[in-house]
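# Results of the structural survey
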Amino acid sequence: MRLFLDTADINEIKKAKAWGVLSGVTTNPSIIARQKKDFFSLATEICETVYPMPVSLEAVDREPEAMADQARKLSEISRNVVVKLPANPAGMEALTLIRGESVKTNLTLVFSPTQALLATMAGADFISPFIGRLEDRGYDGLGMVRELMEALDRHESKTEVIAASIRDPHQIVEIAKAGVHIATVPFVILEKMLLNTMTDMDLDKFLKDWEEVPGREYMFREEIRKAAGA
Ligand code: E4P
């Protein structure tokens, strides 16, 4: 499974990249609005920071032609742009309008296996089922993703599934077990995936014990080791 970051915060993106776990970025209009920055400059900076990894940017209209036009314009920002379209009739029509053009698509706001199946049939590059928002409303978000993976796995398809709207680290383990291709996570969840007080406590003990090791002062100082003929 690959990991995308669900953010438009450049510092978060750089940190995840430095940890060696970043395979892409997803955004939505709410995430972009939080940054209070000029959209074109921000989108360009994100795309450059992670190039050639994919960056999802969302079309913002309800009409198919307008969304198709926005998709073309968003794609001009950078070659790694993936355009998010809603998994509804207008989004499907927009997807069909740009088919055959060099525009990558991510059908978003997927809340059911039937939406996932249709988006896949229409040739979306990615689909984004929203787990947390389903669970917020009292439904089984993880169950929905397991079911859609079971249905999609039976058939050949180029579409990759991005599990989205993740609320806690445990959901990521469940998603991985279900064979989902990608999870997109907010930075706070990524941090929690590494958080473990036992790791901190035991590391403290190791570092304390290291203080008792003879020759420790020289081990990592090459010039001193060389001078000593080691
Ligand atoms: C995915 O691409 C969406 O941007 C995102 O996961 C939505 O998550 P939320 O429900 O936490 O807003």
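Residues numbered from 1 in each chain as written. Predicted model: local features only at pLDDT ≥ 70, side-chain atom pairs only at ≥ 80, totals over all residues. Heavy atoms only, no water.

Let's shift gears to the overall build of the chain. Helices and strands together make up the secondary structure of the chain, namely 13 helices and 8 strands. Taken along the three principal axes of its C-alpha coordinates, the chain extends 75 × 40 × 35 Å. Put simply, the chain has 230 residues, and 44% of those count as buried. Of the contacts formed within the chain by residues at least 6 apart in sequence, a portion of 56% connects residues at least 24 apart. Of the accessible surface of the chain, which amounts to about 13000 Å², a share of 55% is contributed by carbon and sulfur atoms. (Helix = DSSP H or I, 4+ residues; strand = E, 2+ residues; numbered from the N terminus. Buried < 20%, exposed > 50% of the residue type's maximum accessible area, 1.4 Å probe, protein only. Contact = heavy atoms within 4.5 Å. Areas by Shrake-Rupley, 256 points an atom, 1.4 Å probe, with all protein chains shown as cover.)

Read around the closed barrel, 8 strands run 1-2-3-4-5-6-7-8, paired in parallel fashion. Along the sheet, successive strands turn relative to each other by an average axial angle of 30°, direction set aside. Judged from the 2 bridges that link them, strand 2 (residues 24-26) and strand 3 (residues 55-58) form a sheet pairing that is parallel. Of the residues in strand 3, the one forming a bridge with T26 is S56. (Pairing = 2+ DSSP bridges. Axes fitted to C-alpha atoms, helices over the stretch in contact; angles between N-to-C directions.)

On to the domain arrangement of the chain. For the chain, the assigned domains are domain 1 (2-194) and domain 2 (197-228). Averaged C-alpha coordinates put domain 1 and domain 2 at centres separated by 44 Å. (Domains from an automatic or database assignment.)

Scanning all chains against the criterion turns up 4 aromatic pairs. Centre to centre, the rings of F4 and F126 are 6.3 Å apart; their planes meet at 65°, and the pair counts as edge-to-face. Within this pair, whereas F4 is found in strand 1 (residues 2-6), its partner F126 is found in strand 6 (residues 126-129), the two being separated by 122 residues in sequence. A residue is classified by how much of its surface remains accessible, and F4, at 2% relative accessible area, is buried. Since its relative accessible area comes to 7%, F126 is described here as buried. (Phe/Tyr/Trp six-rings, centres within 6.5 Å; stacked < 30°, edge-to-face > 60°.)

Turning our attention to a negative patch on the surface. The grouping of D61, E63, E65 and E93 at the surface amounts to a negative patch. Its location among the elements puts E93 in helix 5 (residues 89-97). Given the relative accessible area of 43%, E93 is considered partly exposed. (Patch = residues over 30% accessible without salt bridge, like charges linked within 9 Å, V, L, I, M, F, W, Y side chains within 5 Å. Salt bridge = Lys/Arg side-chain N within 4 Å of Asp/Glu carboxyl O. Lys, Arg positive; Asp, Glu negative; His and termini not counted. Charge placed at Lys NZ, Arg CZ, Asp CG, Glu CD.)

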